[in-house]
Amino acid sequence: MRKALGTLTVLLLVSASCAASEVDDFTYLFAKTCMQNFYTPENLVTQMAANPVLEAESAKFFLGSGVGTAWSIDDGNAKYVVALRNDNVCVVFAAQAPIEEVTHNFVHSVSTAPPPLVAVERPGLVPSTEHIRTTAYGWSREQDKTELLFTLTTSSDHLSPVKAMASVALVAK
């Protein structure tokens, strides 16, 4: 998938997501950080410069097995972390989130891809449990060997430190 096509696609998605009637703060943050800057990670770094960078041990949880940078965002109402790994996986985490609303808005945002891309649901990508639900959609053309993979994982477990996690990555089909 060419970078120009991908950039246009993500910008169209962000515009559509943010133009929706009332998007929750988590989905809006995901659209304006990870989605909007997917092909220009240097712009995300600049955009996040005013936010505190998590130190190595704190960042490790949000970066998983990857290396990168994680920023803390506390808007007074909610706490978020935006993580950008060096392998260009971008993730937004929320300590609290309206799960039903976030899920609805995420699916609305990624279940239809702008042409010539096609959105395909990727069920079973990560097994769901009683408290953890994962939804994923891939965007690509039939002939592409890679796809943009959008993933949302939510937790209804009251002990979970993360209630919602959305990511975007370029992956092999």
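Being a predicted model, the structure only gives us computed values, none of them experimental. (Residues numbered from 1 in each chain as written. Predicted model: local features only at pLDDT ≥ 70, side-chain atom pairs only at ≥ 80, totals over all residues. Heavy atoms only, no water.)

## Regarding the side chain of Thr135
- Checked against the element boundaries, Thr135 lands in strand β5 (residues 132-140).
- When neighbours within four sequence positions are excluded, Thr135 is seen to be in contact with Phe106, Val107, Phe150, Thr151 and Leu152. (Helix = DSSP H or I, 4+ residues; strand = E, 2+ residues; numbered from the N terminus. Contact = heavy atoms within 4.5 Å.)

## Topic: the environment of Glu130
- Its place among the elements puts Glu130 in the loop between β4 (118-121) and β5.
- Residue class for Glu130 comes out exposed when judged on its relative accessible area of 63%.
- In the structure, Glu130 is positioned 26 residues away from Ser156 in sequence and 8.5 Å away in space, judged by C-alpha atoms. (Buried < 20%, exposed > 50% of the residue type's maximum accessible area, 1.4 Å probe, protein only.)

## Quick notes on the packing of helix α2 (residues 25-35) against helix α5 (residues 99-110)
- It is at 9 Å that the axes of α2 and α5 come closest, and there the two elements cross at 35 degrees. Facing Phe26, Thr27 and Phe30 of α2, the residues of α5 in contact are Val102, Asn105, Phe106 and Ser109.
- Classifying every residue of the contact of α2 with α5 gives 4 nonpolar, 3 polar and no charged. (Axes fitted to C-alpha atoms, helices over the stretch in contact; angles between N-to-C directions. Nonpolar A, V, L, I, M, F, W, Y, C, P; charged D, E, K, R; others polar.)

## A closer look at the nonpolar core
- Membership of the largest hydrophobic core comes to 33 residues, with the highest contact counts inside it found for Phe26, Phe30, Val82, Phe150 and Val168.
- The dominant element in this core, judged by the number of residues it contributes, is α2, at 6 residues.
- Residues Leu63, Val91, Phe93 and Ala169 belong to the second largest nonpolar core, which totals 11 residues. (Core = buried A, V, L, I, M, F, W, Y, C linked by side-chain atoms within 4.5 Å.)

## A short note on unusual backbone geometry
- In this chain, Pro115 is followed by Pro116 through a cis amide linkage whose omega measures 10 degrees.
- Positive phi, normally seen in glycine, also occurs at Asn88, with a value near 65 degrees.
- Tracing the chain through its elements places Asn88 in the loop between β2 (79-85) and β3 (90-94).
- The class for Asn88 is partly exposed, based on a relative accessible area of 36%.

## Regarding the packing of aromatic side chains
- Taken as a whole and assessed by the stated rule, the structure comprises 5 aromatic pairs.
- Centre to centre, the rings of Phe30 and Phe106 are 6.4 Å apart; their planes meet at 45 degrees, and the pair counts as tilted. Residue Phe30 is found in helix α2, and its partner Phe106 is found in helix α5; the two are separated by 76 residues along the sequence. Each member of the pair, Phe30 as well as Phe106, is classed as buried.
- Three or more aromatic residues joined by ring pairs make a cluster, and in this case those are Phe61, Phe62 and Phe93. (Phe/Tyr/Trp six-rings, centres within 6.5 Å; stacked < 30°, edge-to-face > 60°.)

Any link to function would need more than the numbers given here.
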